[in-house]
Amino acid sequence: MRTSARDRLLTAAAECFYDHGVNGTGIDTITAAAGVAKMSLYNNFASKDDLVLAYLQARHEEWLTLYRRRLAAAGDARERVGAVVDAYVDHAEMAYRHGFRGCGLLNAAAELPAGSPGRLLVRRHKEEVEALLATHLAELDGLPAARVPDLAEQLSFLLEGAMARAGLEGDSRRLHRVRELALQLVDTAMETAP
């Protein structure tokens, strides 16, 4: 089945942006990798910035798909918290041509100007991850509602730190470890709840 030029461009952009960075990847590289004419890019995207935004949205959707798959297998609220972390593990363990380099969203955001639509999209993604953690923490029996926002923020920061280290080290070990640490924090919060 033949894929559309838009899909081929997005696939090529995702690989090139992740491997070489947004600023390190030119339009010619993307169109060559996609096997399309340069005009095809501009027929599908208004600019490189538009393509970057589409790439970031696709990364966000890709993560959500991994999360939903893990969520479907989670049996209780504690496992649903773990599902958020597991989606990061799954992302890290995808087959990357040049190896795992960390969060593709954060890598791209680091290259974009403050206030740009791409950075705002990445920020919304990270806020959504924290909100998902808060939702699952709120579902835990016995955890006071007042503890949920702080614990969700703590888990979010822990997860982002582990993702940064995993990216630097090029593998998912830190993410497997952060899952253990996150659930230990949840368990401790439950044990010390009034």
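Residues numbered from 1 in each chain as written. Predicted model: local features only at pLDDT ≥ 70, side-chain atom pairs only at ≥ 80, totals over all residues. Heavy atoms only, no water.

A. Structural view of the side chain of glutamate 160. Within the secondary structure, glutamate 160 sits in helix α8 (residues 148–169). Within polar-contact distance, the side chain of glutamate 160 engages the side chain of lysine 126 at 3.1 Å. (Helix = DSSP H or I, 4+ residues; strand = E, 2+ residues; numbered from the N terminus. Polar contact = N/O pair within 3.5 Å; in protein donor to acceptor, adjacent residues only side chain to side chain.)

B. Main features of the nonpolar core. Of all hydrophobic cores here, the largest spans 59 residues; its most connected members are Leu56, Trp63, Leu137 and Leu175. Among the secondary structure elements, those contributing two or more residues to this core are α1 (5–20), α2 (27–34), α4 (48–73), α5 (77–92), α6 (104–109), α7 (117–138), α8 and α9 (173–191). Those residues within four positions of leucine 175 in sequence are excluded, and the remaining contacts are Val85, Tyr88, Val89, Ala92, Leu159, Ala162, Met163 and Ala166. (Core = buried A, V, L, I, M, F, W, Y, C linked by side-chain atoms within 4.5 Å. Buried < 20%, exposed > 50% of the residue type's maximum accessible area, 1.4 Å probe, protein only. Contact = heavy atoms within 4.5 Å.)

C. Representation of the pattern of salt bridges. This model, assessed by the stated rule, comprises 15 salt bridges. Connected through shared salt-bridge partners, Arg70, Asp86, Asp90 and Arg179 make up one network. (Salt bridge = Lys/Arg side-chain N within 4 Å of Asp/Glu carboxyl O.)

D. Representation of the packing of α4 against α7 in the model. For the pair α4 and α7, the least separation of the axes is 9 Å and the interaxial angle reads 15 degrees. Looking at the two axes, α4 sits roughly parallel to α7. As for how α4 packs across α7, the hand of that crossing is right-handed. Contact with α4, carried on its side by Leu53, Leu56, Gln57, His60, Trp63, Leu64, Tyr67 and Leu71, involves Pro117, Gly118, Leu121, Val122, His125, Glu128, Val129, Leu132 and His136 of α7 and no other residues of that element. By residue class, the composition of the contact of α4 with α7 is 11 nonpolar, five polar and one charged. (Axes fitted to C-alpha atoms, helices over the stretch in contact; angles between N-to-C directions. Parallel < 35°, antiparallel > 145°, perpendicular 65-115°, else oblique. Left-handed = near helix turned anticlockwise from the far one by under 90°. Nonpolar A, V, L, I, M, F, W, Y, C, P; charged D, E, K, R; others polar.)

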